[in-house]
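# Observations on the model geometry
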Amino acid sequence: MEVEIRAAEDPRDALRRIVDQAVLLQGLAEDLLEGIRRRRSLAELARPGGALISRFCDLRAAVPQPADPQLRATARIVCETLDHHALMLSYSLALLGDLRPERVQQQLDTLDGLGPPAERLRAIQHELTRQAGYAAP
């Protein structure tokens, strides 16, 4: 699931493809966070968690910096959201691996997905798709 940005590619199309991939990955991230909340084994979750964190970071690095101010603002939100997702997964996995369970039990119990940033990313996906004239995913 590599993001390839072609030099002549319209930044809006590139951003839409990145957001489409990120929204797909959000589902996997939500599943992983549910596994963390249920205290599944760190040995079981670390590898897929690390892969998801890397993908969110790769997508973030591929976000174009468009000349259009409105699209640039959207790209900034996408970057912030991808950073949020990578950090949320990273910190949640770290909590699961904490050797002082009494310290983190309440924090693990409050894990409830990726929250409002995930909803913002879905809204951006919908808007970029609408602007491109495609059917909504």
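My aim in this report is to walk through the structure given alongside it, one point at a time. (Residues numbered from 1 in each chain as written. Predicted model: local features only at pLDDT ≥ 70, side-chain atom pairs only at ≥ 80, totals over all residues. Heavy atoms only, no water.)

## Quick look at the overall build of the protein
- The helix and strand inventory of the protein stands at five helices and zero strands.
- Along the protein, helices and strands appear, N-terminal first, in the series α-α-α-α-α.
- Evaluated residue by residue, the protein yields a buried proportion of 39% over its 137 residues.
- Long-range pairs, those at least 24 residues apart, make up 73% of the contacts in the protein with a sequence separation of at least 6.
- Put simply, the protein shows about 7,800 Å² of open surface, and 53% of that area lies on carbon and sulfur atoms. (Helix = DSSP H or I, 4+ residues; strand = E, 2+ residues; numbered from the N terminus. Buried < 20%, exposed > 50% of the residue type's maximum accessible area, 1.4 Å probe, protein only. Contact = heavy atoms within 4.5 Å. Areas by Shrake-Rupley, 256 points an atom, 1.4 Å probe, with all protein chains shown as cover.)

## With respect to the pattern of salt bridges
- Scanning the model with the defined rule gives ten salt bridges in all.
- One salt bridge connects Arg38 with Glu34, and the closest N-O pair in it is separated by 2.4 Å.
- Taking relative accessible area as the criterion, Glu34 reaches 27% and is therefore assigned partly exposed.
- Several salt bridges share partner residues, and in doing so they unite Asp13, Arg16 and Asp20 into one network. (Salt bridge = Lys/Arg side-chain N within 4 Å of Asp/Glu carboxyl O.)

## Observations concerning the environment of Pro64
- As for its position among the elements, Pro64 is in the loop between helix 2 (42–62) and helix 3 (69–96).
- Sequence-wise, Pro64 and Asp10 are 54 residues apart; in three dimensions their C-alpha atoms are separated by 9.5 Å.

## Notes on helix 2
- Spanning 21 residues, helix 2 covers 29 Å between terminal C-alpha atoms, matching the ideal 30 Å at 1.5 Å per step.
- Considered for burial, the residues of helix 2 that qualify are Leu45, Gly49, Leu52, Ile53, Arg55, Phe56, Leu59 and Ala62.
- Close packing links the buried residues of helix 2 with helix 1 (11–37) and helix 3.
- The N-cap residue of helix 2 is Ser41: its side-chain oxygen and the backbone nitrogen of Ala43 are 3.1 Å apart. (Expected span 1.5 Å × (residues − 1). Polar contact = N/O pair within 3.5 Å; in protein donor to acceptor, adjacent residues only side chain to side chain.)

## Side note on the packing of helix 1 against helix 3
- Contact pair helix 1 / helix 3: the axes reach a minimum separation of 11 Å and the direction vectors enclose 20°. In terms of their interaxial angle, helix 1 and helix 3 are classed as roughly parallel. Where helix 1 crosses over helix 3, the two elements pack in a sense that is left-handed. Contact residues: helix 1 offers Pro11, Arg12, Leu15, Ile18, Val19, Ala22, Gln26, Ala29, Leu32, Leu33 and Ile36, while helix 3 offers Leu71, Thr74, Ala75, Val78, Leu82, His85, Met88, Leu89, Ser92, Leu93 and Leu96.
- Among the residues forming the contact of helix 1 with helix 3, the class breakdown is 17 nonpolar, four polar and one charged. (Axes fitted to C-alpha atoms, helices over the stretch in contact; angles between N-to-C directions. Parallel < 35°, antiparallel > 145°, perpendicular 65-115°, else oblique. Left-handed = near helix turned anticlockwise from the far one by under 90°. Nonpolar A, V, L, I, M, F, W, Y, C, P; charged D, E, K, R; others polar.)

Honestly, that's just the spatial picture; any functional story needs more than this.
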